[in-house]
Amino acid sequence: MQIAIVGLAGAGKTTVFNTLTRGHAETGGFGGLQLNVGVVKVPDRRLDRLAEIFKPKKVVQADVTYVDLPAPPASSEGRVGTEELPAEHLARLREADALIHVVRAFEDPSFPHPAGSVDPRRDLEQLDLEFTLADLALVDRRLERLGTSGRHGTQAEREANEREEVVLRRLKQTLEVGDPIRDAGLDADEEKAIRGFRFLTQKPVLVLLNIGEADLPRAADLVSSITADYRHEHTLVDALSAKIEMELGELEPDEAGVFMEELGLKESSLDRVIALSYRLLGLISFLTAGPDEVRAWPIPDGSTAVDAAGTIHTDLARGFIRAETVAYDDLVTLGSTADARKAGRLRSEGKTYRVRDGDVVEILFSR
Ligand SMILES: Nc1nc2c(ncn2[C@@H]2O[C@H](COP(=O)(O)OP(=O)(O)OP(=O)(O)O)[C@@H](O)[C@H]2O)c(=O)[nH]1
Ligand SMILES: [Mg+2]
C-alpha cells in the first residue's frame, strides 16, 4: 500500500512524513524538490498476543509506504501545474493508493504563509483545484484521441472505446463543476474502464489539518467546521500538530507519555493516522500464525478466502482447497488452534467465504 503526502508549499508535509516514518528528512525546505520515501509497520496488538501463543521465529506486520512529495507548481493559463512535476514525482503521485492532504492551519510568525494569511479552507481548495485541472487535462486529451483514432479498429475495440467515452464524458462534467472523480458514483464496470488513468481526484483522501500547539484543544471544532461544507466520498478529515507529533516521536516512550499528558493528548496521531488510512482504503487485516511466522496481511474489505490465499502466494489461490479459519478473539480466549477446533470454533471455509478483519487463517491447498 502506497500513500502520497501532498499539500501546498510549507504546509508541513515533510514534518508529517517524519512523524509517520520516524524519519529525519529535512523540513522547512521552502518548496525544494526533495522526494522522501519511507516504509512504516502497521501497529497491531493482535500480533503480539498471537506471538505469545505461537512463539514464532518472526513476526511480520503489515506495512505502508509513505511518499512525501513537494508541492506542485500552480497552474496558469494553458499550463497544468502537476504536469510540470519531475516524471518520478508524477509517477509516484499517480501510483499512490491514497493521499494524505496536509493543510496548514498553524500560525507561526517566524514562518509566514506565502499567501500572507493562514486559511486552511482556501489552501485545501487550491490543491484540490490543481488535481481537478490535472484530471481534466487527461480526460480532454483522451476524449480527443477517442474522437479520431478511437473510431478505427475492430468492432470490439470500437465498442470498448465508446463505453470509455461515455464514462469520460461523465467525468468531464463532474470535474468541470469542481467535484472530484470520487464523487462521480461510478459503478464497478465504469471504474474498471478508467482504472488505467490513475486519476488523482479518484483516490481516497485523508485531509490532515496541521494545527499549532495552542489550538490542540480546539482541534475537534476545526475539523467539524471544515467538514460541515467539505463533503466528498472516500474522504476523511482529521487534525494534528505535526511539529508536536514529530517531537513526541523523538522521545523515549515514558518521556513521551509525560509530554502527552501535559498537552492533554490521549493517543499519538501516528497510530490514529495509520488506522484512518486503513479505514479510508477499506482495508482489513487477516492473520496467519504458526511456529515460523505470525503475520498480518492487508486486503480490501469484501475479499474472499481465495483472494486472501492469493495475497499470500499465487500457488495458494490456484490450488485452493479450503481455509481453516478462527476468529482472533476465539483463538486467544481458547488458547490454541487445537482447543479452538475442539470447541467447534475452527471453521472450514470455501473459496467464496468473505474474510473478516482478524480472521486467523490457514489455507489448505494442493500443489
Ligand atoms: N509552528 C509550527 N510549525 C510547523 C508545524 N508543522 C510544520 N511546521 C514548520 O513549518 C515549516 C515547513 O514544514 P515542512 O514540514 O518542511 O513543510 P512542507 O510542506 O514539507 O514544505 P515544502 O516541502 O517546502 O513544501 C518548517 O519550518 C516546520 O518546522 C506546526 O505544527 N507548528
Ligand atoms: Mg517538504
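Just above, that's the structure.
From a predicted model like this one, the values you see are computed outputs, not experimental measurements.

### A short note on the overall build of the protein chain
Stage number 1. Counting secondary structure elements, the protein chain contains 14 helices and 12 strands.
Stage number 2. Viewed in the frame of its principal axes, the protein chain has a C-alpha envelope of about 70 × 70 × 35 Å.
Stage number 3. Across the 367 residues in the protein chain, those meeting the buried criterion constitute 47%.
Stage number 4. The long-range share in the protein chain, meaning contacts at least 24 apart out of those at least 6 apart in sequence, stands at 68%.
Stage number 5. In the form shown here, the protein chain has an accessible surface area of approximately 19000 Å², with 50% of it arising from carbon and sulfur atoms.
Stage number 6. Positive and negative side-chain charges in the protein chain, numbering 46 and 63 respectively, have mean positions lying 6 Å apart.

### Let's talk about the packing of helix α4 (residues 120-148) against helix α5 (residues 155-176)
Stage number 1. Between α4 and α5, the shortest axis-to-axis distance is 10 Å and the interhelical angle comes to 150°. Relative to α5, α4 is oriented roughly antiparallel. By crossing handedness, the relation of α4 to α5 is classed as left-handed. In contact with T132, D135, L136, V139, D140, R142, L143 and L146 of α4, α5 contributes N161, E164, E165, L168, R169, K172, L175 and E176.
Stage number 2. For the contact of α4 with α5, the class distribution of residues is six nonpolar, two polar and eight charged.

### Concerning helix α11 (residues 305-312)
Stage number 1. Taken together, the buried positions of α11 are A305, A308 and A309. The buried residues of α11 all sit within an arc of 100° when viewed along its axis, so they share a single face.
Stage number 2. Against the buried residues of α11 lie β8 (283-289), β9 (293-300), α12 (314-318), β10 (320-327) and β12 (359-365).

### What about the side chain of T235?
Stage number 1. Checked against the element boundaries, T235 lands in strand β7 (residues 235-240).
Stage number 2. A distance of 3.4 Å separates the side chain of T235 from the backbone oxygen of H232, its partner in a polar contact.
Stage number 3. Contacts of T235, omitting those with residues within four sequence positions, involve R182, V205, V207, Y230 and L280.

The rules we used
- Residues numbered from 1 in each chain as written.
- Chains lettered and ligands numbered in written order.
- Predicted model: local features only at pLDDT ≥ 70, side-chain atom pairs only at ≥ 80, totals over all residues.
- Heavy atoms only, no water.
- Helix = DSSP H or I, 4+ residues; strand = E, 2+ residues; numbered from the N terminus.
- Buried < 20%, exposed > 50% of the residue type's maximum accessible area, 1.4 Å probe, protein only.
- Contact = heavy atoms within 4.5 Å.
- Areas by Shrake-Rupley, 256 points an atom, 1.4 Å probe, with all protein chains shown as cover.
- Lys, Arg positive; Asp, Glu negative; His and termini not counted.
- Charge placed at Lys NZ, Arg CZ, Asp CG, Glu CD.
- Axes fitted to C-alpha atoms, helices over the stretch in contact; angles between N-to-C directions.
- Parallel < 35°, antiparallel > 145°, perpendicular 65-115°, else oblique.
- Left-handed = near helix turned anticlockwise from the far one by under 90°.
- Nonpolar A, V, L, I, M, F, W, Y, C, P; charged D, E, K, R; others polar.
- Arc of directions from axis to C-beta.
- Polar contact = N/O pair within 3.5 Å; in protein donor to acceptor, adjacent residues only side chain to side chain.

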